[in-house]
Amino acid sequence: PAASAQVVATVVGNPDRAVIFGYPKGADLADGITKAPARRLGFFPSQQTMTGINADGYNLLDAAITWALTP
């Protein structure tokens, strides 16, 4: 993601690889030209992660979606 993204989680052992991040309204998006007209969410779990997701994982997903939908 662009530097304007709010990174929440990265790949274990690879902090440069964001798997959960968001852009607040008005933030510069990754193309450097476009501004986010509303909140944007990136949530990229692997298939393995979703197969073994527990209550904490569902809470994280729920919190991410709630953040994205909050004006």
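Residues numbered from 1 in each chain as written. Predicted model: local features only at pLDDT ≥ 70, side-chain atom pairs only at ≥ 80, totals over all residues. Heavy atoms only, no water.

**Concerning helix α2 (residues 55–69)**
(1) Moving on: With 15 residues, α2 extends 21 Å from end C-alpha to end C-alpha; this agrees with the ideal 21 Å at 1.5 Å per step.
(2) Moving on: Put simply, Asn54 is the residue that caps the front of α2, since its side-chain oxygen is 3.0 Å from the backbone nitrogen of Asp56. (Helix = DSSP H or I, 4+ residues; strand = E, 2+ residues; numbered from the N terminus. Expected span 1.5 Å × (residues − 1). Polar contact = N/O pair within 3.5 Å; in protein donor to acceptor, adjacent residues only side chain to side chain.)

**Re the packing of aromatic side chains**
(1) Moving on: According to the stated counting rule, one finds 2 aromatic pairs in the structure shown.
(2) Moving on: Between Phe21 and Tyr23, the aromatic rings sit 5.9 Å apart at their centres with planes inclined by 85°, giving edge-to-face as the arrangement.
(3) Moving on: The exposure class assigned to Phe21 is buried, which follows from its relative accessible area of 13%.
(4) Moving on: Among the aromatic side chains, those forming a connected cluster through ring pairs are Phe21, Tyr23 and Phe44. (Phe/Tyr/Trp six-rings, centres within 6.5 Å; stacked < 30°, edge-to-face > 60°. Buried < 20%, exposed > 50% of the residue type's maximum accessible area, 1.4 Å probe, protein only.)

**Topic: a nonpolar patch on the surface**
(1) Moving on: A cluster of nonpolar side chains, contributed by Leu41, Ile65 and Leu69, occupies part of the molecular surface with about 280 Å² of accessible area.
(2) Moving on: Within the secondary structure, Leu41 sits in strand β3 (residues 40–43). (Patch = residues over 30% accessible without salt bridge, like charges linked within 9 Å, V, L, I, M, F, W, Y side chains within 5 Å. Areas by Shrake-Rupley, 256 points an atom, 1.4 Å probe, with all protein chains shown as cover. Salt bridge = Lys/Arg side-chain N within 4 Å of Asp/Glu carboxyl O.)

**Points about the sheet that holds strand β1 (residues 6–11)**
(1) Moving on: Strand order in the open sheet formed by 3 strands is β1-β2-β3, with antiparallel pairing between adjacent strands. With one partner strand each, in any of the chains shown, β1 and β3 form the two edges of the open sheet. Neighbour to neighbour, the strand axes of the sheet diverge by 40° on average, direction disregarded.
(2) Moving on: Across 4 bridges, strand β2 (residues 14–23) lies against β3 in antiparallel orientation. Along β3, the bridge assignment pairs Gly22 with Leu41.
(3) Moving on: α2 contacts β1, β2 and β3 of the sheet and is inclined by roughly 160° relative to β3. (Pairing = 2+ DSSP bridges. Axes fitted to C-alpha atoms, helices over the stretch in contact; angles between N-to-C directions. Contact = heavy atoms within 4.5 Å.)

Treat this as a map of the structure, not an account of what it does.
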